[in-house]
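Coordinate inspection notes
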Amino acid sequence: MIECFGRAALKQAGTSAVEAGIYVLIETISGGPAVYVGKTKRTFTIRYKEHTKLKNVVSWAYQIRLDPKITNNSRALAKAEKIVFDAFGGKAQLSNIKDPISPKNVNAFNCTGS
């Protein structure tokens, strides 16, 4: 992700009142562990609660806080999610139902999200 957006894209914990960015969860779904990659423009806590309402048990969560220049740009946020999604093996390895960026549109998303 740093190669795509630069080091300034990553926020240090506590530097932003808004926790927006990418997250990785290890959930228990249908009796087994599964990894899920997602994005949020809200707080991570609110998004995690939505997962648990689906009866998924979140046993581990990792947050990647991103600069508002990325989180306020839907295309850039989708690209950041796609980078992490692919790093964890993509749809074949994750519990995500769909790819964050359709394979037919992936070339339209460059690193700046424009």
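A short tour of the structure in this document, coming up. (Residues numbered from 1 in each chain as written. Predicted model: local features only at pLDDT ≥ 70, side-chain atom pairs only at ≥ 80, totals over all residues. Heavy atoms only, no water.)

Now for the environment of I97. Secondary-structure assignment places I97 in the segment after α4 (74-87). Taking relative accessible area as the criterion, I97 reaches 76% and is therefore assigned exposed. A C-alpha to C-alpha distance of 9.4 Å links I97 and Y36, two positions 61 residues apart in sequence. (Helix = DSSP H or I, 4+ residues; strand = E, 2+ residues; numbered from the N terminus. Buried < 20%, exposed > 50% of the residue type's maximum accessible area, 1.4 Å probe, protein only.)

With that settled, consider the layout of surface pockets. In this structure, the largest pocket occupies an estimated 320 Å³ of space. If you trace the largest pocket, you find 18 residues lining it, with Y36, V37, R47, E81 and N96 closest to the centre. The set of elements that each furnish at least two residues to the lining of the largest pocket consists of β1 (21-29), β2 (32-40) and α2 (44-53). The element contributing the most residues to the lining of the largest pocket is β2, with 4 residues. Taken together, the residues that form the lining of the largest pocket break down as 7 nonpolar, 5 polar and 6 charged. (1 Å grid on protein atoms, 1.4 Å probe; cavity = no way out; pocket = protein on both sides within 12 Å on 5 of 7 lines; lining within 4 Å. Points joined across faces, edges and corners; volume = space filled by probe spheres on them. Nonpolar A, V, L, I, M, F, W, Y, C, P; charged D, E, K, R; others polar.)

Between the first and last C-alpha of α4 there are 20 Å, a value that for 14 residues agrees with the 20 Å anticipated at 1.5 Å per step. The residue sitting at the N-terminus of α4 and contributing the capping side-chain oxygen is N73; that oxygen lies 3.0 Å from the backbone nitrogen of R75. (Expected span 1.5 Å × (residues − 1). Polar contact = N/O pair within 3.5 Å; in protein donor to acceptor, adjacent residues only side chain to side chain.)

Next up on the list: the pattern of salt bridges. It is possible for side chains of opposite charge to pair when their charged atoms get near one another. Applying the stated criterion across every chain yields a total of 5 salt bridges. For the salt bridge of R42 with E50, the shortest nitrogen-to-oxygen distance reads 2.7 Å. With a relative accessible area of 37%, R42 lands in the partly exposed category. In this structure, D86 engages K82 in a salt bridge whose closest nitrogen and oxygen atoms are separated by 3.1 Å. Of the two residues, D86 and K82 both sit in helix α4, 4 residues apart, roughly one turn of that helix. Among the ionic contacts, a cluster of salt bridges with common partners joins R42, R47 and E50. (Salt bridge = Lys/Arg side-chain N within 4 Å of Asp/Glu carboxyl O.)

This paragraph deals with the environment of L66. Mapped onto the elements, L66 comes out in the loop between β3 (57-65) and α3 (68-71). Taking C-alpha positions, L66 is 9.0 Å from A80, a pair spaced 14 residues apart along the chain.

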